[in-house]
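# Descriptive structure summary
Here are the chains, one letter per residue:
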Amino acid sequence: MTPKPIMSVSGLRGIVGTSLTPQLIQRFTAAYLRFLDDADIPGPLIVGRDGRDSGSDIAEQIQTIITSHGRDVFYGGILATPSLGIQIRQQQAAGGIQITASHNPLPYNGMKLYSPQGQILNQAQADQVLQNYQNRLDPTSSATESGSQATQLSKPHDPHLKALLETIDVTAIQQSAFHVLLDSNHGAGSPLGIRLLQHLNCQLTLLGETPDGQFSHPPEPTAQNLQSVAQHVLTESCDIGFCQDPDADRLALIDEQGRYIGEEYTLALCIEQRLTESPGNVVINCASSGMNHQIAEAHQCSCYESAVGEANVVEKMIATGAVFGGEGNGGPIDPLVGLIRDSFVGIVRVLDLMARRDQSLSEIVRTLPTCSIHKATREVGDFDLAAGLQSLPEQFPDAEPDWTDGLKLRWKDGRWLILRPSNTEPLVRAIAEAPTLPQAVQMCEQALNALD
């Protein structure tokens, strides 16, 4: 059976040549262009890609489609997802397309779609694009002979670099002269990451710096996938290890002792740094650690929850006037840089915290609330997930159900469990937080078994 492409608020993903074909790319791009036309949003588009080999041909095809529809294109080449968002604002563009499958395996590629604000499309906007796609628009229906053209972006990383440096104490970090390992895993993070860390006077150990998509380890930055990287941090006597996903919007951390600190702590450390500097509301998604609530409370600030997905977090941030936000998968969002997940925000905020406090990463982590989270997945197949979720509250009668996104069960002692369909893979995700890791593992296993 040919696998189906995955379309959601996170965009489009599929296996190149099977579920992701040139015909599908043409239809999906046309659906996005119709969305912009219907919303009367004029202007050029920005196109970029991660390091995957297939991205070059896809980028060429998409640029041709866009120019044939009467819009100019600025092409950024290999560009991090947050950098593309910043370029949209810099160029006053109508939107943009990032060619990436994020953390999906190498055979995949896909497209992330942006608004004129440099943000990933929200649910309503994404729904309109999907409706256009389902209406099977003729991709050539709005073709024009307008003479539109594609132009290479000049210095595509500069605006992002400038915005990042304006949010931190550059001198304090430079004087600390940290030894940093950067693992970009042959994705889009290294071109900006190397420049950023060199500017901050860091001694660099680089892994996967060539952005050719030939991943050295599975692309999702989890503890299991980063075991070899953690060993490098220890043997090279680094102060910290920064590990990016292929399009560089997520960041995992490894401390100076070679221990995987993880993705959840990326957001928590950023929130701690930001609220120490400037208190205010913060927003996390409902699958992120409860320690963010405790950090906000310690700073006498409010922490709000949204549905999973950066577009949902961003909408809640705007509604609450939040000074920071993000997702516990290693995706911090800093309004001072851009309303989009950004691994580089994590890099500079964590280094700033270490420099100002003159403490190691492990010492700072010990000052934060503990986080025992377990994440598990199961293939959906033909299983009726909606019906399965409806029956689960009966299995956990002492928990309060929350249907914000999938099913979240909350216990009075602070434990929680969430089950929800993935936006990016044909999976159901189970995430649990408890006082100990064995408890969290048991909660996920119990919930997934209860779906049978």
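Look up a bit, the structure's there.
What you are looking at is a predicted structure, and each value in this text was computed from that prediction instead of being measured.

Quick notes on the rules
Residues numbered from 1 in each chain as written. Predicted model: local features only at pLDDT ≥ 70, side-chain atom pairs only at ≥ 80, totals over all residues. Heavy atoms only, no water. Helix = DSSP H or I, 4+ residues; strand = E, 2+ residues; numbered from the N terminus. Buried < 20%, exposed > 50% of the residue type's maximum accessible area, 1.4 Å probe, protein only. Contact = heavy atoms within 4.5 Å. Areas by Shrake-Rupley, 256 points an atom, 1.4 Å probe, with all protein chains shown as cover. Axes fitted to C-alpha atoms, helices over the stretch in contact; angles between N-to-C directions. Parallel < 35°, antiparallel > 145°, perpendicular 65-115°, else oblique. Left-handed = near helix turned anticlockwise from the far one by under 90°. Nonpolar A, V, L, I, M, F, W, Y, C, P; charged D, E, K, R; others polar. Core = buried A, V, L, I, M, F, W, Y, C linked by side-chain atoms within 4.5 Å. Pairing = 2+ DSSP bridges.

## Overview of the overall build of the protein chain
Summing up its helical and strand segments, the protein chain has 15 helices and 21 strands in all. Projecting the C-alpha coordinates of the protein chain onto the three principal axes gives extents of approximately 60 × 55 × 40 Å. Counting across all 452 residues of the protein chain, residues that qualify as buried make up 61%. A separation threshold of at least 6 residues defines the contact pool for the protein chain, and within that pool the share at least 24 residues apart is 68%. Accessible area of the protein chain: about 17,700 Å², with a carbon and sulfur share of 47%.

## Some points on the packing of helix 5 (residues 158-165) against helix 7 (residues 190-199)
Helix-helix packing: each pair is described by the crossing angle between the helix axes and the interaxial distance. At a minimum axis distance of 11 Å, the contact between helix 5 and helix 7 shows a crossing angle of 40°. Taken together, helix 5 and helix 7 sit at an angle that is classed as oblique. In this structure, helix 5 meets helix 7 at a crossing whose hand is right-handed. Of helix 7, the residues touching helix 5 (which contributes D158, H160, L161, L164 and L165) are L192, R195, L196 and H199. When the residues that make up the contact of helix 5 with helix 7 are grouped by side-chain class, the tally is five nonpolar, two polar and two charged.

## Let's talk about the nonpolar core
L200, F242, L269 and L351 are the most contacted members of the largest nonpolar core, which has 63 residues in total. Sorting elements by how many residues they give to this core places helix 12 (residues 343-357) first, with nine residues. Excluding residues within four positions of it along the chain, L269 makes contact with L253, V350, L353, L361, I364, V365 and L368. Judged by nonpolar contacts, the second largest core, of 29 residues, contains L12, I58, I66 and A94.

## Things to note about the pairing of strand 4 (residues 73-78)
Within a regular strand, the side chains alternate between the two sheet faces. For strand 3 (residues 45-49) and strand 4, the ladder comprises four bridges, and the chain directions are parallel. Across the sheet, I46 pairs through a bridge with F74, a residue of strand 4. Alignment of strand 4 against strand 7 (residues 150-152), held across three bridges, turns out to be parallel. Within strand 7, the residue paired with F74 across the bridge is T151.

## Points about the packing of helix 1 (residues 22-38) against helix 4 (residues 123-134)
Packing of helix 1 against helix 4 leaves a shortest axis separation of 8 Å and a crossing angle of 125°. By the angle class used here, helix 1 and helix 4 are oblique. The crossing of helix 1 and helix 4 is right-handed. Along the contact surface, helix 1 presents L24, R27, F28, A31, Y32, R34 and F35, while helix 4 presents Q125, Q128, V129, L130, N132 and Y133. Class assignment of the residues belonging to the contact of helix 1 with helix 4 gives a composition of eight nonpolar, three polar and two charged.

Function cannot be inferred from these measures alone, as they are strictly geometric.
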